[in-house]
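Per-entry structural report
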Amino acid sequence: MSITAEEQFRLAQQALQRRALAPQPSAPTATSLVPTENDEDGGDDDMPLIVGASGYLVRADTLDAARAGLDACERIGDIVRQTYVAPDPFEEFPAERGIALSPLLDQGEQGFGLSRLPRDFHALSGSGKLEYLLDLPHPGLTLQALPAEEFTFLLKDIGLSDGGTLMTMASPAQMQTLVDLDVWQGDALDRRRFAHLLAVAVSGSQETVDRFLASQEDALLCMFLSGSARVYEGAEEAEAQLPEDWESFISPDGTMVVGVPMDDEALAPIRVMLESVFRIDLVRGRRILRATRWELQTSMVEDLYETRNKRNVSHGFPAREEAMEVYAFVPPAEARMQADALLAGERGERGEALPFVPEALAARADLALHGLGRAPFLAQAVSLCSDEESERLQLAMVQLAYRLQAARAARPSETDELTMWSRHALLTADMGLSWLARDDADRGAALLRLMSLSELFTVGHSLVVMVHHRALRLRRKLGGRVELAGPELGLLLTGLCQPQPGRPIPRPAAAAQAAEAALRNARA
């Protein structure tokens, strides 16, 4: 029984709606996600069978069929044009997302602040990690179940040279987020990086290229094209206006002429992009060329940058200016008094909502937390919290790490910097909690229930600033000769004088004692 693409999508949408309205089972099983070749549930024999996202024939009213409909290039482009957000096949199905991810995650007991990937995974080379992922029972399901930003980190960690295989299995949302996090330099589109990602998609397959481009906004493709190309209405206009050192070619539909400098590195990617877009959606291809020719580029960039920032916020990456607010200085003594009042129940208003969504943790790999050592006081306070509270704090630590990544890294996608800023987040929040709780673990656990980790980080950073300036004053008193403080204290003092202190900062009381000891040694 044949079925059109529109009928397939309609049936898939009905399946999604029925599933959303149906009562959820108390204990979901993994069998609902395992692709099977035959449907033996004894259902409606008139229901047509189609090729699902798993590659097998499935009933048209199943989740697997819905995922296949969302992965269709025409449907991706339609959704992106209407919402600016490419579809995530697991968005409405958190339980299924957790089940799909379970083969990738370490099932053993994990401590707070640690990645839940197997311990030996991070020690593998890029090709070794790729082989590990491909050996999973259903690698496509598992990879598409990853949160979009974690897919970006995983792809960058494995390396773009081996990324084509992963791109063939990526969801539209993951492809759009990859571009959002990786190809922007400030408020400008980095055309070379976009061309590089397009080349990675080309190394996968033609279908991967089609889905990659269908997952992007029209305005982004216009910006990539207009960075060096010019569009002309016909051959006569192009011949009259095109510079001599430019190359021209006719658009795939034969209605327009595109000119590009001969030495432009984007010439080949532009042709690949246009051929793919026109093959999938002729109307979209013409719309992109006309927008490139006639639209005001400044307005297009502003709108594109705004919608991209909104998507990034949903993944935990605010705009740099907003992310930097976590580094605002607060007087530590005043912060401690406010914490005391909060514990006494005298202050009930909060400026930031606590991320209390423990079910989301089952659908994450927490790549951001790989390699973090335990912050001693924070770990002690967390051990006094309930399992549900610990899960909230785990997710909050990931969000804080993402915020620092947005504030300090060149790009949010820089995987190499993610571990550094994650460690910075954990140790600084640990210091802030220790100060506010007066080194009392019970008070620390109570504050973790009442304050966000970003508030604790701000207090910890303010303490770092105070110790840093104190160390600078001490170095001036020593005439710049920090070695006079002795080998151990001199090394500590050198680290504390760095713009970004190079060693874990000691407790404020310990720092004061070390400074006084250094000054006594120098005078002796």
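Each value, and the rule that gives it
Residues numbered from 1 in each chain as written. Predicted model: local features only at pLDDT ≥ 70, side-chain atom pairs only at ≥ 80, totals over all residues. Heavy atoms only, no water. pLDDT = per-residue confidence, 0-100. Contact = heavy atoms within 4.5 Å. Salt bridge = Lys/Arg side-chain N within 4 Å of Asp/Glu carboxyl O. Helix = DSSP H or I, 4+ residues; strand = E, 2+ residues; numbered from the N terminus. Buried < 20%, exposed > 50% of the residue type's maximum accessible area, 1.4 Å probe, protein only. Pairing = 2+ DSSP bridges. Axes fitted to C-alpha atoms, helices over the stretch in contact; angles between N-to-C directions. Expected span 1.5 Å × (residues − 1).

Moving on, we get to the confidence of the model for the protein. When pLDDT is averaged along the protein, the result is 80; 77% of the residues meet or exceed 70. Long-range and interchain partners of residues 19–43, a stretch whose pLDDT sits below 50, account for 26 contacts in this model, where long-range means more than four residues apart.

With that settled, the discussion passes to the pattern of salt bridges. Tallied over the full model, the rule gives 22 salt bridges. Between D218 and R284 there is a salt bridge, with its nearest N and O atoms 2.6 Å apart. Taken together, the positions of D218 in helix α12 (residues 218–226) and R284 in helix α15 (residues 282–294) put the pair 66 residues apart, joining distant regions of the chain. Looking at D218, the relative accessible area reads 16%, which means it is buried. Between E233 and R293 there is a salt bridge, with its nearest N and O atoms 3.5 Å apart. Residue E233 is located in the loop between β5 (230–232) and α13 (235–241), and its partner R293 is located in helix α15; the two are separated by 60 residues in the primary sequence. Under the relative-accessibility criterion, R293 is labelled partly exposed at 24%. Through salt bridges with shared partners, one network takes in K156, D182, R193 and E414.

Spatially, the 3 strands line up as an open sheet ordered β5-β7-β6, and their pairing is antiparallel. The sheet is open, and its two edges are formed by β5 and β6 (246–250), each paired on a single side. Going from strand to strand, the sheet's axes swing by 25 degrees on average, the running direction of each strand aside. Both β5 and strand β7 (residues 257–261) contribute to a ladder of 3 bridges, which runs antiparallel. Residue pairing in the sheet places V231 in a bridge with V258 of β7. Helix α14 (residues 267–280) rests against β6 and β7 of the sheet, and its axis sits at about 10 degrees to β6.

Further remarks concern α14. A turn of α-helix holds 3.6 residues, and therefore any two residues three or four places apart point the same way. Taking 1.5 Å of rise per residue, the 14 residues of α14 would be expected to cover 20 Å, and the 20 Å separating its terminal C-alpha atoms lies within 8% of that figure. Looking at α14, one finds that the buried residues are L267, P269, I270, M273, L274, S276, V277 and F278. Packed against the buried residues of α14 are α10 (191–204), α11 (206–214), α12, β6, β7 and α15.

Turning our attention to the pairing of β6. As paired elements, β6 and β7 share 5 bridges and run antiparallel to each other. When the sheet's bridge partners are listed, I250 is paired in β7 with V257. Hairpin remark: β6 followed by β7, antiparallel, with 6 residues in the connecting loop; positive phi at G254, about 80 degrees.

This part is about helix α23 (residues 453–477). Here α23 spans 36 Å end to end across 25 residues, near enough to the 36 Å set by a 1.5 Å rise per residue. One or two steps after α23, the chain reaches G479, where phi turns positive at roughly 70 degrees.

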